[in-house]
Amino acid sequence: MITNLADLVVSNSYAGLPSAFYTSIAPQALSEPRMLHINQVLAAELGLSPELLADPAWLEIMSGARPLPGGQTIATVYSGHQFGVWAGQLGDGRAHLLGEIETPQGPVELQLKGSGQTPYSRMGDGRAVLRSSVREYLASEAMAGLGIPTTRALGIVVSDDPVYRETIETAAIVLRTSPSFVRFGTFEHFSKQPEHLQALLDYVVDRFYPDCRTLADGTQASSTDVALCFLAHVVELTAVLMADWLTCGFCHGVMNTDNMSVLGLTIDYGPYGFMDAFQANHICNLTDTQGRYAWHAQGSVAWWNVHRLAGSLMAVGPDAAMLKQVLEPYEKHFLQAYRQKMVAKFGLREWQTDDDALFDGWWRLLHDSQADFTQSFRALATAPENREGFVKLFSDHEAAQNWLDDYMARVAADALPTSERQQHMNAVNPLYVLRNHLAQQAIDAAQAGDVSEIETLLRLLRDPYRHHPGYEDYARPPAPGQRTPALSCSS
Ligand code: AMP
Ligand code: MG
């Protein structure tokens, strides 16, 4: 455990890339910053002691007033496709990379979000509001608790500095952590600069996909082979991530290529939502009027996005036919991951051909009744023993009875002991997800300086599969008066 700032081992691999990759720029510190919350669980995983994070110097670092000792503070550049349209250059418009620290889990980058303007801010003020910062903080822990790959956040600093959105809000900074924040859009940015593209590819491959350096026969891979191998990894990780999102009812909301991680992590939490009432075409982002990023579209949008990544790799060797071949397994990976997760959620031994019809019938049932996503999956474990209670979750009782008959026949054919089946199912169907109204309650309290709701949610979301006595309300869908409207991109 590191207890002294001086003992942190800090390096700056990203700043070692050519200067075209970033701008060295100091954050704009928040005035009179206060630590709203520290993620002690993540801190412990990273080997950072509570003493270190309680050091006043740590608050200065988190509020943008002081660099990480030995860190080179930079804002990185990237480009991207937003809502299907090439947006050109974007970049860290309100984020600063402080450097990377050595941890028991390997090197981890520390990044401030909401830390002021950079050359990539375009029209933005460089700030983030408390509301969106708490949402990012809680969501990344919720994802981690579900076992879904994600960036994390080490804490939130707040200030009374005003930030102008639809209303006047107050500023906050989140300290995010990730092995890397490189996006599809980073590759897109350098797609026409072969030397820089090669440098980026080498950087990412050396750090994260070193297996791409050698071919199956043990010989050294060419630049073309390295690029194809890198793409193959991203294709697979992205397909699996989409299966993760879909099967926990998560909508990202802004799946632009600049918000897609080349490590297959969930990144850039904005107007995301964990669904309450299921609608296959649920849209969580008010700005997404066409439903490009609706729940059911996420798998195919990610497929479109990996094509944009693939297209950006041509300057380092691969031709269109080679890229197409590497992109092709996306669907196979997605289906495999999706079926595997659904089989587990349904408490089945292994996937059989007819199961797809059972799954489709389930989505249809949920959709037609707009049943609660999380509750319905959780109720499946006891559905065969508690027909009546299960059927009541759906407005169309007859449809629910019919589907349940099929499900019970399928379960009976597997002949798993009931308690074993239920145990397996309860280990993959969460009781607690970060419903929007729960996040909103925590935000309202935090705005008044009370972090108890954040603490409660973190406790539940880090251990979401177990029943926590006394916290039954947190497992329920919002009451009519608690429902929150869809969110805009404004954060
Ligand atoms: P997003 O889709 O929210 O991940 O952001 C898209 C782009 O807008 C990124 O380049 C962000 O850095 C930038 N951006 C978003 N909000 C702000 C802001 N308040 N100030 C400056 N840049 C911003
Ligand atoms: Mg973004």
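Calculation notes
- Residues numbered from 1 in each chain as written.
- Chains lettered and ligands numbered in written order.
- Predicted model: local features only at pLDDT ≥ 70, side-chain atom pairs only at ≥ 80, totals over all residues.
- Heavy atoms only, no water.
- Near = heavy atom within 4 Å.
- Areas by Shrake-Rupley, 256 points an atom, 1.4 Å probe, with all protein chains shown as cover.
- Nonpolar A, V, L, I, M, F, W, Y, C, P; charged D, E, K, R; others polar.
- Core = buried A, V, L, I, M, F, W, Y, C linked by side-chain atoms within 4.5 Å.
- Buried < 20%, exposed > 50% of the residue type's maximum accessible area, 1.4 Å probe, protein only.
- Helix = DSSP H or I, 4+ residues; strand = E, 2+ residues; numbered from the N terminus.
- Domains from an automatic or database assignment.
- Contact = heavy atoms within 4.5 Å.
- Donors = N, O, S within 2.8 Å, 3.2 Å for Na, K, Ca; no water.
- Pairing = 2+ DSSP bridges.
- Polar contact = N/O pair within 3.5 Å; in protein donor to acceptor, adjacent residues only side chain to side chain.
- Expected span 1.5 Å × (residues − 1).
- Disulfide = S-S within 2.5 Å.
- Salt bridge = Lys/Arg side-chain N within 4 Å of Asp/Glu carboxyl O.

Let us now look at the site of ligand 1. With respect to spatial proximity, 17 residues lie near ligand 1, and among them Gly-91, Gly-93, Arg-122, Gly-126 and Asn-259 are the closest. Protein burial of ligand 1: of its 490 Å² of free accessible surface, 80% is covered by the chains. Taken together, the residues of the shell around ligand 1 sort by class into two nonpolar, seven polar and eight charged.

This part is about the nonpolar core. Counting residues in hydrophobic clusters, the biggest one holds 126 residues, and the most contacted among them are Phe-187, Phe-230, Phe-346 and Trp-362. In terms of residue count, helix α7 (residues 223–248) provides more of this core than any other element does, 14 residues in total. Residues lining this core come from more than one domain, with at least three contributed by each of domain 1 (5–182) and domain 2 (348–415). Among all residues touching Phe-187, those that are not within four sequence positions of it are Val-182, Leu-197, Leu-200, Leu-201, Val-204, Phe-230, Val-262, Leu-309, Ser-312 and Leu-313. The next biggest cluster of nonpolar side chains, apart from the first, holds 29 residues, and it includes Ile-2, Leu-42, Leu-46 and Leu-112.

On to the coordination of the magnesium ion (ligand 2). Protein coordination at the magnesium ion (ligand 2): the donors are Asn-259 (OD1) and Asp-268 (OD), at 2.0 to 2.1 Å from the metal. One exposure class covers both Asn-259 and Asp-268, and it is buried.

With that settled, the discussion passes to the pairing of strand β6 (residues 85–89). In this sheet, β6 lies alongside strand β5 (residues 79–82) in antiparallel orientation, the contact comprising three bridges. Bridging across to β6, His-81 finds its partner in Trp-86. Two successive antiparallel strands, β5 and β6, enclose a turn made up of two residues, where Phe-83 displays a positive phi of approximately 50°.

In this section: the environment of Arg-462. Mapping Arg-462 onto the fold places it in the segment after α17 (452–461). Overall, the relative accessible area of 28% leaves Arg-462 in the partly exposed class. Remark: the alpha-carbon pair of Arg-462 and Val-41, spanning 421 residues in sequence, is separated by 9.4 Å. For Arg-462, the residues in contact, after removing those within four places along its chain, are Asn-39, Val-41, Glu-141 and Gly-145. Of note is the side chain of Arg-462, whose polar atom sits 2.6 Å from the side chain of Asn-39.

The end-to-end C-alpha distance of helix α8 (residues 298–311) is 20 Å, a good match for the 20 Å that 14 residues give at a rise of 1.5 Å each. By the burial criterion, the buried members of α8 are Gln-298, Gly-299, Val-301, Ala-302, Asn-305, Val-306, Leu-309 and Ala-310. Of the surrounding elements, those touching the buried residues of α8 are α5 (184–189), α7, β12 (250–251), α9 (320–327) and α10 (330–346).

Turning to the domain arrangement of the protein, a few remarks are in order. Assigned domains of the protein: these are domain 1 (5–182) and domain 2 (348–415). For domain 1 versus domain 2, the distance between C-alpha centres works out to 42 Å.

What follows concerns the environment of Val-234. With respect to the secondary-structure elements, Val-234 resides in helix α7. The buried category is assigned to Val-234, whose relative accessible area is 0%. Taking the C-alpha atoms as reference points, Val-234 and Leu-393, 159 residues apart in sequence, are found 38 Å from one another. Apart from the residues lying within four places of it in its own chain, the contact partners of Val-234 are Phe-184, Tyr-209, Val-262 and Leu-309.

Going through the model one piece at a time under the given rule, you end up with one disulfide. The partner cysteine of Cys-212 in its disulfide is Cys-229, sulfur to sulfur 2.0 Å. The disulfide joining Cys-212 to Cys-229 has a torsion of about -75° about its S-S bond and is therefore left-handed. Within this pair, whereas Cys-212 is found in the loop between α6 (194–208) and α7, its partner Cys-229 is found in helix α7, the two being separated by 17 residues in sequence. Not part of a disulfide, Cys-251 finds its nearest cysteine sulfur in Cys-284, a span of 4.7 Å. For Cys-284, a relative accessible area of 6% translates into the label buried.

Here we come to the pattern of salt bridges. Any two side chains of opposite charge can pair if their charged atoms end up close together. With the rule as written, the count across this model stands at 25 salt bridges. Here Glu-45 makes a salt bridge to Arg-152, at a shortest N to O gap of 3.4 Å. Taken together, the residues Glu-45 in helix α1 (residues 40–45) and Arg-152 in strand β10 (residues 152–164) connect sequence positions 107 residues apart. With relative accessibility at 31%, the residue Glu-45 sits in the partly exposed group. We note a salt bridge from Lys-341 to Asp-244, for which the minimum N-O separation is 2.7 Å.

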